[in-house]
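Close look at the chain arrangement
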Amino acid sequence: MPRSRPGASFDGYVQVRGAREHNLKNVDVDIPRNALVVFTGVSGSGKSSLAFGTLYAEAQRRYLESVSPYARRLFHQMAVPEVDSIDGLPPAVALQQQRGTPTTRSSVGSVSTLSNSLRMLYSRAGDYPRGQELLYAESFSPNTPQGACPQCHGLGRVYEATERSMVPDDSLTIRERAVAAWPTAWHGQNLRDILVTLGHDVDTPWRDLPKKTRDWILFTDEQPTVPVYAGLTPAEARRAHKRKETPSYQGTFTGARKYVLQTFAGTESALMKKRVAQYLVSMACPQCEGKRLRAEALSVRFAGYDITEIGRLPLRRLAQLLQPYADGGAVARKDAAKHPEKTIVAQRIAADLLARLAVLLDLGLGYLSLERGTPTLSPGELQRLRLATQVRSSLFGVVYVLDEPSAGLHPADTEALLRALDRLKAAGNSLFVVEHALEVIRHADWIVDVGPKAGQHGGQVLYSGAPAGLAKVAGSRTAQYLFGTEPRAERELRAAAGWLRLRGVVRNNLAGLDADFPLGVLTSVSGVSGSGKSSLVSQALVQLAQAQLGGGVVADADEGEASMEDVDSGVLQGRIGAGMDGVRRLVQVDQKPIGRTPRSNLATYTGLFDHVRKLFAATRSARARHFDAGRFSFNVAKGRCPHCSGEGFVMVELLFLPSVYAPCPECGGARYNPQTLAVRYREHNIAEVLSMTVDAAWEFFADEAPLRHALDVLRAVGLGYLRLGQPATELSGGEAQRIKLATELQRASRGDTLYVLDEPTTGLHPSDIDLLLQQLHGLVASGNTVIVVEHNVQVLAASDWVIDVGPGAGEEGGQIVAAGTPAEVATSAGSRTAPYLRRALEEHHG
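Scoring rules and cut-offs
Residues numbered from 1 in each chain as written. Predicted model: local features only at pLDDT ≥ 70, side-chain atom pairs only at ≥ 80, totals over all residues. Heavy atoms only, no water. UniProt positions renumbered as here; feature names shortened; annotations may be inferred. Helix = DSSP H or I, 4+ residues; strand = E, 2+ residues; numbered from the N terminus. Rg over C-alpha atoms; globule rule 2.2 N^0.38 Å. Contact = heavy atoms within 4.5 Å. Areas by Shrake-Rupley, 256 points an atom, 1.4 Å probe, with all protein chains shown as cover. Lys, Arg positive; Asp, Glu negative; His and termini not counted. Charge placed at Lys NZ, Arg CZ, Asp CG, Glu CD. Salt bridge = Lys/Arg side-chain N within 4 Å of Asp/Glu carboxyl O. Buried < 20%, exposed > 50% of the residue type's maximum accessible area, 1.4 Å probe, protein only. Axes fitted to C-alpha atoms, helices over the stretch in contact; angles between N-to-C directions. Parallel < 35°, antiparallel > 145°, perpendicular 65-115°, else oblique. Left-handed = near helix turned anticlockwise from the far one by under 90°. Nonpolar A, V, L, I, M, F, W, Y, C, P; charged D, E, K, R; others polar. Expected span 1.5 Å × (residues − 1). Bend = angle between axes of the 7 residues up to and from the residue. Core = buried A, V, L, I, M, F, W, Y, C linked by side-chain atoms within 4.5 Å. Domains from an automatic or database assignment. Pairing = 2+ DSSP bridges. pLDDT = per-residue confidence, 0-100. Phe/Tyr/Trp six-rings, centres within 6.5 Å; stacked < 30°, edge-to-face > 60°. Lys NZ or Arg CZ within 6 Å of the ring centre and 35° of its normal.

Where an unreviewed UniProt entry is consulted, the chain appears under the name UvrABC system protein A, with the organism given as Duganella rivi. What UniProt records for the chain under Subcellular location (unreviewed entry) is the sentence "Cytoplasm".

Quick look at the structure:
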């Protein structure tokens, strides 16, 4: 039951009048200051539009009006919110869900700013080799010219194209495309023809060619230009060359490695980049051995470690290491007589580092290391990192606006999160939190429940007040789950149809782990954050299964652009001992974006748009104009608006103000030219159809079976509120994942497919989680296996089988603590998941 806090004292109210941002329907609401306020409601109801799009956007606008125009340009400025007035609003700090910038240079140390203090510690209190002069702090950073290793430029890895990576099958001849890294089609043929002119044998298996020849073809930087005789046999081409006959053209040779590296660095085609990335392998830099720094910096030590080694320690171990220096213990006293100033510096910096580490440890992040790159962190981990920095900053009188801080958190870690939020509140701040997790909602002083449904059927404040009062609100979906009034149907647990047995898995904190996954059931893999769940399932299981299945039967929904982080994702040891005869296909449904540009959207990704365009092309009006389906694509010149090239908007630079994205003056945001918009299907043009929500389109296309089926599935995974043309860039990771799942669900089920999902409940209200569970159970009922990595106890309780990884995080995890039915795991003594699962099962059974 939510606790009521009649004694809570609020420092006045933020008064919102006439909020109309996105789907908000002229909302008036009073929200207390100096309180933990949780904004709830189904996915797409308008919570974020109120908390971020209105309250935070207005607080930022007011603050930026007070800074100089020059400084204003340095901020990412949000749009001015649509609202009549907001009174009593303090300055605000936003901690939003966002993935780390995909760069190896961004790390836990840089986000938390702990790395800066550590560099100062090494500079001023490190043990230098005899005769080496003092290094300044920047010499200990791989991101500066003074510190970066000259060979790998501070990345720690070098990327190389090797003979094995570029020639995967050395039994083939050059004519049979042994050099797989070379381009396909004409360009590749051209390079092979050039080799003939140069006198090389293209019909002998690659492995039988002399090593000197193989090395020149792959690794030369020479680019000779020679005559090419296309269509002739090698013997005919050699004779023609000898006689100096007129060639078909002059061709320039490029070695395979040079082609791969130039293409990867220079192409603007995401597809080309992805293609050549597969021929690159990543290896530790031979000069710095992967430590990213110059030798001078690595020769300085503190407590026996160089700065890279100390940065690789789990934060928990780092804190233990620094403790005696901060306390001025025996270790520190030993140096005091010889270097009193060094001892004082070490004590000051160590004490500061310890105080900041304490907050990170309290937030359950002790398993991370300072070196850990932000691209490898979950959105929840990244947000807690930022939260820890704020807790330590001791600001007073501000509003912290947080976006699902419990995302990716085990219930045990959520308790630590709530302690951190309470500390911020006790320091005199207000907390506005958008959240679905029931344990966070129960902890609130005040609830603002938005709904009743999603999209155009939401946008109203159903309730604003103390948690207990929400029980009386009949239309609230949140209340049904919060107060246990939601009826729960009993379900028979399924028995395993076989077992997929992993043996000797070594990855991250998994050291020779054996794991058995039941086939033909819904399995949830649980455990505290950082315990090794994703390493076991999303990495080890997926990679080992992929290796056995081969690429052709592996569905991968990620069409994103390749980057250096995509090259060689790390070493994996282990094998599948048994069970793959029951798996014909693997589908991994992850949270990567469905596209990197606004041109990619829900309709194009799911294939819905192909059907829509065919319907428009089949109208009498389109046929009279000789318009085909391509005419109705905003990516094709003949149909799109020429002024904005089908973007629908133009960007206006305002120098000292945020850049404004204004609707295109030619098409008014419709993206198409007037001739295309003149064609109507049932009184609607193509732009109007794209602006419909999934729910509205479901009613509009009631008679179109293929469309109706696709829209059914999107609604079934809780996405009815999204617009068909909603750009990929506006979708959260959870929404992208559910679009991928819906796309997969549209396909006719063939059975024997292994579905792997990593935290599919991210961003979902409990009522939407029930919808998602129906779909997952439907996949299992069709003869498939579903494995989800999940913290949500609602999902764990509804699974057939639970595998709990732990017991702790990082080096304290990596073991299977319990495996069995939800009821069996709930009684496990060593499992940190068990007490939360037990409570969920008790609530379920009433």
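Attention now moves to the overall build of the chain. Along the backbone of the chain there are 32 helices and 25 strands. Taken over the C-alpha trace, the chain has a radius of gyration of 30 Å; the compact-globule value for 846 residues is 28 Å, and the two agree within 12%. Projected onto the principal axes, the alpha-carbon positions of the chain cover approximately 100 × 90 × 65 Å. Contacts in the chain between residues far apart in sequence, at least 24 positions, make up 69% of those at least 6 positions apart. Carbon together with sulfur atoms contributes 51% to the accessible area of the chain, which is approximately 36,800 Å² in total. Charge separation in the chain, taken as the distance between the mean sites of 93 positive and 89 negative side-chain charges, equals 3 Å.

The next subject is the pattern of salt bridges. The full count for this structure, using the stated rule, is 37 salt bridges. One salt bridge connects Asp30 with Arg17, and the closest N-O pair in it is separated by 2.9 Å. Placement of the pair is Asp30 in strand β2 (residues 27–32) and Arg17 in strand β1 (residues 13–19), with a sequence separation of 13 residues. Note on Arg17: relative accessible area 29%, which makes it partly exposed. Residue Asp215 is joined to Lys211 by a salt bridge in which the shortest nitrogen-to-oxygen separation is 2.7 Å. Taken together, the residues Asp215 and Lys211, both in helix α7 (residues 211–219) and four residues apart, mark about one turn of the helix. The class of Asp215 is partly exposed, set by a relative accessible area of 24%. Each of Glu58, Arg61, Arg62 and Glu65 takes part in salt bridges that share partners, so that together they form one network.

It is worth spelling out the packing of helix α27 (residues 705–716) against helix α28 (residues 733–746) at this point. Relative to each other, α27 and α28 sit at 140°, their axes nearing to 9 Å. Of the possible angle classes, the one that applies to α27 and α28 is oblique. Crossing of α27 against α28: the hand is right-handed. Along its contact with α27, which presents His709, Ala710, Val713 and Leu714, the element α28 presents Ala742, Leu745 and Gln746. Here the contact of α27 with α28 is composed, by residue class, of five nonpolar, two polar and no charged.

So, about the UniProt feature "domain: Cytochrome c" (unreviewed entry) in the chain. Under the UniProt annotation, the feature "domain: Cytochrome c" (unreviewed entry) is placed at residues 126–284. End C-alpha atoms of residues 126–284 are separated by 26 Å, and the span's content is 34% helix alongside 10% strand.

This part is about helix α20 (residues 533–549). The terminal C-alpha atoms of α20, which comprises 17 residues, lie 22 Å apart, in line with the 24 Å expected from a rise of 1.5 Å per residue. If you look at α20, its biggest bend is around 30°, right at Ala540. Listed as buried for α20 are Lys533, Ser535, Leu536, Val537, Ser538, Ala540, Leu541, Val542, Leu544, Ala545 and Leu549. At the C-terminal side of α20, Gly550 shows a positive phi close to 85°.

Among the nonpolar cores identified, the biggest contains 72 residues, and Leu121, Leu322 and Leu387 are the most heavily contacted of them. Broken down by element, this core gets its largest block of residues, eight residues, from helix α15 (residues 340–362). A domain split of this core shows at least three residues from each of domain 1 (13–100 + 373–483) and domain 2 (108–156 + 286–363).

Right, let's get into the sheet that holds strand β15 (residues 510–519). Adjacent strands of a sheet pair through backbone hydrogen bonds, lying either parallel or antiparallel. Pairing within the open sheet is antiparallel, and its three strands lie in the order β15-β14-β18. Strands with a single pairing partner mark the edges of an open sheet, and in this sheet they are β15 and β18 (573–578). Neighbouring strand axes in the sheet, compared pairwise and without regard to direction, differ in orientation by 15° on average. Summarising the sheet, strand β14 (residues 498–507) and β15 pair through eight bridges and their orientation is antiparallel. Pairing of Gly498 across the sheet is with Leu519, part of β15.

Looking now at the confidence of the model for the chain. Of the residues in the chain, 92% have a pLDDT of 70 or more, and the chain-wide mean is 88. Note on residues 556–569: pLDDT under 50 across the span, and 29 contacts to partners over four residues away in sequence or across chains.

This part takes up the packing of aromatic side chains. On inspection of all chains with the given rule, the structure shows 19 aromatic pairs. Judged by centre distance (6.2 Å) and plane angle (75°), the rings of Phe10 and Tyr13 are edge-to-face. Relative to Phe253, the ring of Trp182 lies with its centre 5.8 Å away and its plane at 85°, an arrangement referred to as edge-to-face. Here Phe253 lies in the loop between β8 (249–252) and α9 (256–266) and Trp182 lies in the loop between α5 (163–166) and α6 (185–197), a separation of 71 residues in the sequence. Joined through ring pairs, the aromatic side chains of Phe616, Phe627, Phe632, Tyr681, Phe700 and Phe701 make up one cluster. One cation-aromatic arrangement involves Arg671 over Phe634; the distance from NZ or CZ to the ring centre is 3.7 Å.

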